[in-house]
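Understanding the architecture of this molecule
Residues per chain are reported as follows:
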Amino acid sequence: LWSASYPGGTILGVVAVPALGALVVLWLLRVGIFLGVRRSADGLASPRWLVVAPLAGMAVLGMLVVQLPLQARFALSRSAFDAVVDRAQPDVAPNVTAEVEVGDRAGWYATGRAFQQGDATIVYINGASFIDEGGFAHLPSGPFPGLGTAGGIEHPVFTHLTGDWYTWTAGW
């Protein structure tokens, strides 16, 4: 769940899928052993624990589908990101970038750098993505052509998060 709280995901997502598959195999083995023991010991064990793992798995999957880890971590950090936006300069042209003071952290996230392009403020998040870069963007006017490229971001993709806030990732 922690890796899902970053914009763009991390390497942990790549590791989590095989680990989840291994847990499913182990659970199926335990169910098989339980059923075998239950037949021989008739009524000594309760099958109630069999539903715990699938219910927990469905709960985690549901949280991932609705992006609860990302939404919650960003909500806890929002005031720090709003403070970064407040430090941005007024009246920067859309084709010009200006660095914005961000510090080492913004709330629960380790930050790299931040810049402003037009009315947009783009914040890099350290470790936001396994190979690509990523972060958060405050876009009062929404994404516009050329956004991010003047600041050195290659092929940025912006995804709405909440209000004027978006996540962004950039690939090769």
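What this report covers is the structure whose coordinates are included nearby. (Residues numbered from 1 in each chain as written. Predicted model: local features only at pLDDT ≥ 70, side-chain atom pairs only at ≥ 80, totals over all residues. Heavy atoms only, no water.)

1. Regarding the environment of Asp164
Note that Asp164 resides in the loop between β6 (156-162) and β7 (165-170). Since its relative accessible area comes to 33%, Asp164 is described here as partly exposed. Put simply, Asp164 and Gly142 are 22 residues apart on the chain and 7.3 Å apart in space, counted from C-alpha to C-alpha. For Asp164, the contacting residues outside a window of four places in its chain are Ala137, His138, Leu139 and Pro140. (Helix = DSSP H or I, 4+ residues; strand = E, 2+ residues; numbered from the N terminus. Buried < 20%, exposed > 50% of the residue type's maximum accessible area, 1.4 Å probe, protein only. Contact = heavy atoms within 4.5 Å.)

2. Quick word on helix α2 (residues 52-65)
Spanning 14 residues, α2 covers 20 Å between terminal C-alpha atoms, matching the ideal 20 Å at 1.5 Å per step. At the exit of α2 stands Gln67, carrying a positive phi of roughly 55°. (Expected span 1.5 Å × (residues − 1).)

3. Examining the packing of aromatic side chains
Here the structure, examined in full by the defined rule, presents 10 aromatic pairs. Here the aromatic rings of Phe81 and Phe136 are separated by 5.1 Å at their centres, their planes lie at 65°, and the arrangement is edge-to-face. Of the two residues, Phe81 sits in helix α3 (residues 68-86) while Phe136 sits in strand β5 (residues 133-138), which places them 55 residues apart along the sequence. Of the two residues, Phe81 and Phe136, both sit in the buried class. By the ring-pair criterion, three or more aromatic residues cluster together here, those being Tyr6, Phe74, Phe81, Tyr109, Phe136 and Trp165. Positioned above the aromatic ring of Tyr6, the side-chain terminus of Arg73 is 4.5 Å from the ring centre. Over the ring of Tyr109 we find Arg73, and its NZ or CZ is 4.1 Å from the ring centre. (Phe/Tyr/Trp six-rings, centres within 6.5 Å; stacked < 30°, edge-to-face > 60°. Lys NZ or Arg CZ within 6 Å of the ring centre and 35° of its normal.)

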